[in-house]
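Notes for the structure review
Residues per chain, in single letters:
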Amino acid sequence: MKYLRYSLLFLCLWTASAVRAQNDSLSIDTLRDAEIRMMGLGHTMMFSYDESQRLLCSRNFLITLSRALRINGSYYYRFDSLEYVSVLYSPDNVFRIFTWNVALNNETYHNFGVIQLNPEYIKKRKDTTNLRAVYPLIDRSGRIKNSLDTVTGPDFWFGAVYYQLHMVTEKKRTYYFLIGWNGGTQLTNKKIVEPLYFDGNRPRFGAPVFVMNEARYPKPLKRLVYEFGNKGTMTLRVSPKKKYLVI
């Protein structure tokens, strides 16, 4: 009987391991299929002569990516084959953020993005009210009248392609400073510095943390926006050693 019990126990463990291995294999195959589809969409959204086609492929790209990021184990899948997409990880590995843009016929750009939380971070949260694993970002930069003094959420995002992320913890709150590029207008481009933080489990963009010249800005700004001509260039990044902005 003891031998039989051990045999049954071994069979159960082997079956459970086999099922997990099969599920992991199916997840990887599904993620690869999604990545291949997005590779085709990415090429079209960058190079099609038809603006409506570029935008349609971009929206389908966003939908496909958002669905893929909800698959079990997707946080650890790198999506290395996706060109034209910026992927940044927070230094504490709480989340990663995907951003990209699409050129419009009027020489401006529309931005797209997705935030994916680390599932291990979600497990550690005592309060998971309104907490989601994936947050698509909706570009509303054209409707934000006062960008320097506005806090937004994923559904009302200022919009940018982020190329640097710097983390700062102050007064028990962690801010993730995102530095990015926004296509601006027909004549100008913009670079922005935008703090991202989590308030009540919801991502928030913009916080009153930038203390400027009091005569011009009597209260702290919620984000920094630098506008410059289309023919010009601008350096904007955080110095990793000295931890201040380099312009």
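Being a predicted model, the structure only gives us computed values, none of them experimental.

**Here's the deal with the environment of Ser86**
Note on placement: Ser86 falls in strand S1 (residues 86-89). Sequence separation between Ser86 and Ile97 is eleven residues, and the spatial gap between their C-alpha atoms is 7.9 Å. Not counting chain neighbours up to four residues away, the residues in contact with Ser86 comprise Ile97, Phe98, Thr99, Val161, Tyr162 and Tyr163.

**Points about the confidence of the model for the chain**
Here the chain averages 86 in pLDDT, while 86% of its residues score no lower than 70. The model gives residues 8-23 a pLDDT under 50, and that stretch makes zero contacts with residues more than four places away or in other chains.

**A word on the pairing of strand S5 (residues 161-170)**
Looking at chain direction, S5 and strand S6 (residues 173-182) are connected through nine bridges and run antiparallel. The residue bridging Gln164 from the neighbouring strand is Ile179, located in S6. Turn length for the S5-S6 hairpin, with the two strands adjacent in sequence and antiparallel, is two residues, and the turn residue Lys171 shows positive phi of about 55°.

**Some remarks on the pattern of salt bridges**
Applying the stated rule across the entire model yields six salt bridges. In this structure, Glu120 and Lys123 form a salt bridge, with 3.7 Å as the shortest nitrogen-oxygen distance. With a gap of three residues between them, Glu120 and Lys123 both fall in helix H3 (residues 119-124), about one helical turn apart. The salt bridge involving Asp149 is made with Lys222; its shortest N-O contact spans 2.6 Å. Taken together, the residues Asp149 in the loop between strand S4 (134-138) and S5 and Lys222 in the loop between strand S8 (202-205) and strand S9 (224-229) connect sequence positions 73 residues apart. Overlapping salt bridges bring together Asp149, Lys219 and Lys222 as one network.

**Comments concerning the pairing of strand S3 (residues 109-117)**
Taken across its nine residues, S3 has seven buried, putting it largely inside the fold. Note that strand S2 (residues 95-103) and S3 share nine bridges and pair antiparallel. Each residue of the ladder has a partner; that of Ile97, found in S3, is Ile115. With five bridges joining them, S3 and S4 adopt antiparallel strand pairing. In the sheet register, Gln116 faces S4, and the bridge partner there is Val134.

**Concerning the sheet that holds S4**
Strand order in the open sheet formed by four strands is S1-S2-S3-S4, with antiparallel pairing between adjacent strands. One side of each edge strand has no neighbouring strand; the edge strands of this open sheet are S1 and S4. Within this sheet the neighbouring strands show an average axis-to-axis angle of 15°, counted without direction.

**Some words on unusual backbone geometry**
Here Phe79, not a glycine, exhibits a phi torsion of approximately 55°, which is positive. Positionally, Phe79 belongs in the loop between helix H2 (51-68) and S1. In this structure Phe79 comes out as buried when scored by relative accessible area, which is 4%. At Lys172, a position not held by glycine, the phi torsion is positive, near 65°. Relative to the helices and strands, Lys172 is located in the loop between S5 and S6.

Cut-offs applied
- Residues numbered from 1 in each chain as written.
- Predicted model: local features only at pLDDT ≥ 70, side-chain atom pairs only at ≥ 80, totals over all residues.
- Heavy atoms only, no water.
- Helix = DSSP H or I, 4+ residues; strand = E, 2+ residues; numbered from the N terminus.
- Contact = heavy atoms within 4.5 Å.
- pLDDT = per-residue confidence, 0-100.
- Pairing = 2+ DSSP bridges.
- Salt bridge = Lys/Arg side-chain N within 4 Å of Asp/Glu carboxyl O.
- Buried < 20%, exposed > 50% of the residue type's maximum accessible area, 1.4 Å probe, protein only.
- Axes fitted to C-alpha atoms, helices over the stretch in contact; angles between N-to-C directions.

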